[in-house]
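Here are the chains, one letter per residue:
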Amino acid sequence: MNEKVLLVDDEEEFVETLAERMRTRGMKVSTTNSGADALQLVDDESFDVVVLDLKMPGIDGIEALKRIKRRRPDIQVVLLTGHATIEKGVEAIKEGALEFLEKPIDLSSLTEAIHKAKATKMVLVEKETEERIKEILHHKSW
Amino acid sequence: MTTTDPVCWRSVSEEGLRFFGEMSASVSHEIRNKLAVINEKAGLVQDIALAMKSGRSIDPDRLALQAGKIIEQIRKANQIVGALSRLAHSVDRSGIRIDLADLIGLVVELYGRKAAQAEITIDAAVPADSVSLITSPFLLQGLIGACINLSMPRVDDSRIMTIAAESCSDGAVIRFQHLAGISESDTDLGGNGAGARAILAMLGGRVSADGRHGELVLELTNQEEREGGSQP
């Protein structure tokens with residue numbers, strides 16, 4: 001499906017290796033090592049999915065998730081963590097994360113989550129388009 | 001408060017456990033991150049092997065590069081485990097002469113990840129074999145940890161906290177430097193500082209704030225030396 005993915009993790013070796021493996025599986029992957037840069041990239045480019053590490057210096061995963069959802073509600077977010085707790089998982093899902101995966105990750109689980117995320121985004125975009133058309137039809141009184 | 005006070009002992013135990021838990025959580029998190037990198041590197045090697053099987057020509061240096069990176073991650077993980085092991089074994093001994101450069105270096109290493117998360121650097125500025133102290137190393141590590149936790153949000157614009165140490169007539173002085181707005185009210189070692197204060201009392205120490213120089217100052221006296229070290 002050629003998903004456009006942004007990978008965000010402060011561990012450079014992790015993010016670059018994972019990106020290389022995802023690219024060989026047909027995904028278009030951009031990477032960054034900070035939450036602040038991720039927000040800038042989300043403003044500048046269009047992504048289907050953002051894969052975010054929970055613990056990062058500066059803007060952490062949960063904060064980045066909140067800000068991404070505020071700016072671009074249609075973008076789907078998958079959170080990664082090296083130390084999953086039920087509380088953090090619940091918080092992430094409440095803030096709109098689609099999945100919460102524990103490191104070391106299983107690439108097939110992540111790929112599955114990304115496919116699901118793109119499908120969810122497409123449904124949201126279709127709904128939004130439908131709403132817009134309805135609104136235009138209503139205002140034009142056709 | 002005296003060191004034989006059961007309330008004091010309880011606070012010391014609780015603070016020791018809290019400190020050990022904090023360090024274990026941080027180290028396990030760091031090891032997991034290293035394992036995550038190794039996992040991806042191994043996966044990449046599998047991908048390369050599959051590509052070679054299907055007839056693609058791959059530069060062997062690519063495999064050698066990934067193998068080298070896996071070895072580097074294992075070396076880093078081993079170093080982290082080594083630091084945790086040294087901390088764990090420090091519980092065994094008390095009343096021994098320790099090299100403060102060594103002990104402060106270990107605590108700084110253990111706090112590396114927490115400092116990075118707070119976007120600061122902790123710098124141990126104690127030359128090896130220059131300052132020694134007779135004390136309980138585990139409790140002192142916990143006390144230094146409490147001082148780091150207190151000082152971290154107060155690090156000035158340099159974003160570097162320096163920990164220095166010097167000998168004095170009956171012990172040693174440890175200074176946490178480059179702190180902005182540090183005051184006497186900080187010497188209670190934070191809102192939940194009862195445990196750290198109990199350790200301070202047990203080690204015969206005193207903490208003060210030097211606002212003019214931006215320092216939290218920890219003064220410690222030599223404890224009674226025990227041959228070979230023993231349980232406190």
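Worth saying up front: this structure is predicted, and the values here are computed from it rather than measured.

**Some details on the interface of chain A and chain B**
Alright, step 1. Tallying the contact residues gives 20 residues for chain A and 20 residues for chain B.
Alright, step 2. Approximately 1900 Å² of surface area, both sides summed, lies buried where chain A meets chain B, with 48% of it carried by carbon and sulfur atoms.
Alright, step 3. Applying the counting criterion to the chain A and chain B interface returns eight salt bridges.
Alright, step 4. One salt bridge in this structure joins arginine 21 of chain A and glutamate 40 of chain B, with 3.0 Å as the shortest N-O distance.
Alright, step 5. Our count for the chain A to chain B interface comes out at twelve residue pairs in polar contact (both at pLDDT 80 or more).
Alright, step 6. Per-element accounting of the side of chain A that touches chain B gives the leading share, seven residues, to helix 1 (residues 12-24) of chain A.

**Topic: the pairing of strand 4 (residues 76-81) of chain A**
Residue and element names in this part refer to chain A.
Alright, step 1. Where burial is concerned, most of strand 4 is hidden: six out of the six residues are buried.
Alright, step 2. Covered by surrounding structure in strand 4 are Gln76, Val78 and Leu80 together with Val77, Leu79 and Thr81, the residues of both alternating faces.
Alright, step 3. As paired strands, strand 3 (residues 49-53) and strand 4 are joined by five bridges and run parallel to one another. Paired with leucine 52 across the two strands is leucine 79, which belongs to strand 4.
Alright, step 4. Following the backbone out of strand 3, through helix 3 (residues 61-71) and into the adjacent parallel strand 4, one traces a crossover that is right-handed.
Alright, step 5. Sheet analysis places strand 4 next to strand 5 (residues 99-102), joined by four bridges and oriented parallel. In the strand pairing of strand 5, leucine 79 is matched with phenylalanine 100.

**Describing the sheet that holds strand 5 (residues 171-177) of chain B**
All names here are of chain B.
Alright, step 1. Pairing within the open sheet is mixed, and its five strands lie in the order 2-4-5-7-6. In the strand order of this sheet, the two ends are held by strand 2 (121-125) and strand 6 (206-210), each with one partner. Here the average twist between neighbouring strands, direction ignored, is 20°.
Alright, step 2. Two elements, strand 4 (residues 160-168) and strand 5, share seven bridges in a ladder whose sense is antiparallel. From the neighbouring strand, glutamate 166 faces strand 5, where its bridge partner is valine 173.
Alright, step 3. This element, helix 3 (residues 100-110), spans strand 2, strand 4 and strand 5 of the sheet and lies at about 160° to strand 4.
Alright, step 4. Most of the contacts of helix 5 (residues 137-151) go to strand 7 (residues 215-221), to which it runs at about 165°, and overall it touches strand 2, strand 4, strand 5 and strand 7.

**What about the pattern of salt bridges?**
Side chains carrying opposite charge are able to pair once their charged atoms draw close together.
Alright, step 1. Applying the stated criterion across every chain, the model contains 28 salt bridges over all chains.
Alright, step 2. A salt bridge links lysine 118 of chain A to aspartate 48 of chain A; the nearest nitrogen and oxygen atoms lie 3.8 Å apart. A residue pair is termed long-range when its members are at least 10 positions apart, and lysine 118 of chain A in helix 5 (residues 107-140) and aspartate 48 of chain A in the loop between helix 2 (35-44) and strand 3 qualify at 70 residues.
Alright, step 3. Lysine 118 of chain A gets classed as buried once you look at its relative accessible area, which sits at 13%.
Alright, step 4. A residue is classified by how much of its surface remains accessible, and aspartate 48 of chain A, at 11% relative accessible area, is buried.
Alright, step 5. Beyond isolated ion pairs, a larger network of salt bridges with shared partners links Arg21 and Arg25 of chain A together with Glu40 and Asp47 of chain B.

Definitions and limits used
As a convention, each chain's residues are numbered from 1 in the sequence order in which they are written. Whichever chain is written first becomes A and whichever ligand is written first becomes 1, with later ones labelled in order. pLDDT decides what is reported in this predicted model: residues at 70 or higher carry local features, side-chain atom pairs at 80 or more are listed and counted, and totals for whole chains, interfaces and linings draw on all residues regardless. The basis for the side-chain values is all heavy atoms of the structure; hydrogens and waters are excluded. Here, residues are in contact when the closest pair of their heavy atoms is within 4.5 Å. Note: buried area is the sum, over both parts, of the accessible area (probe 1.4 Å) each one loses when the two are combined. Here, a salt bridge means any Lys or Arg side-chain nitrogen found within 4 Å of an Asp or Glu carboxyl oxygen. Throughout this description, a polar contact denotes any pair of N or O atoms lying within 3.5 Å of each other; where both atoms belong to protein, one of them has to be capable of donating a hydrogen while the other can accept it, and for residues adjacent in sequence the pair is counted only when both atoms sit in side chains. The numbering of helices and of strands both runs from the N terminus, where a helix is a DSSP run of H or I of at least 4 residues and a strand a run of E of at least 2. Accessible area is worked out with a 1.4 Å probe on protein chains only. A residue is then buried under 20% of its type maximum, exposed over 50%, and partly exposed in between. When DSSP finds two or more bridges between a pair of strands, those strands are recorded as paired. Classification remark: right-handed applies to a crossover when, strands pointing away from the viewer, the course from the first strand over the helix to the second runs clockwise. Angles run from 0 to 180 degrees between N-to-C directions of axes, and those axes are lines fitted to C-alpha atoms, restricted for helices to the stretch in contact.

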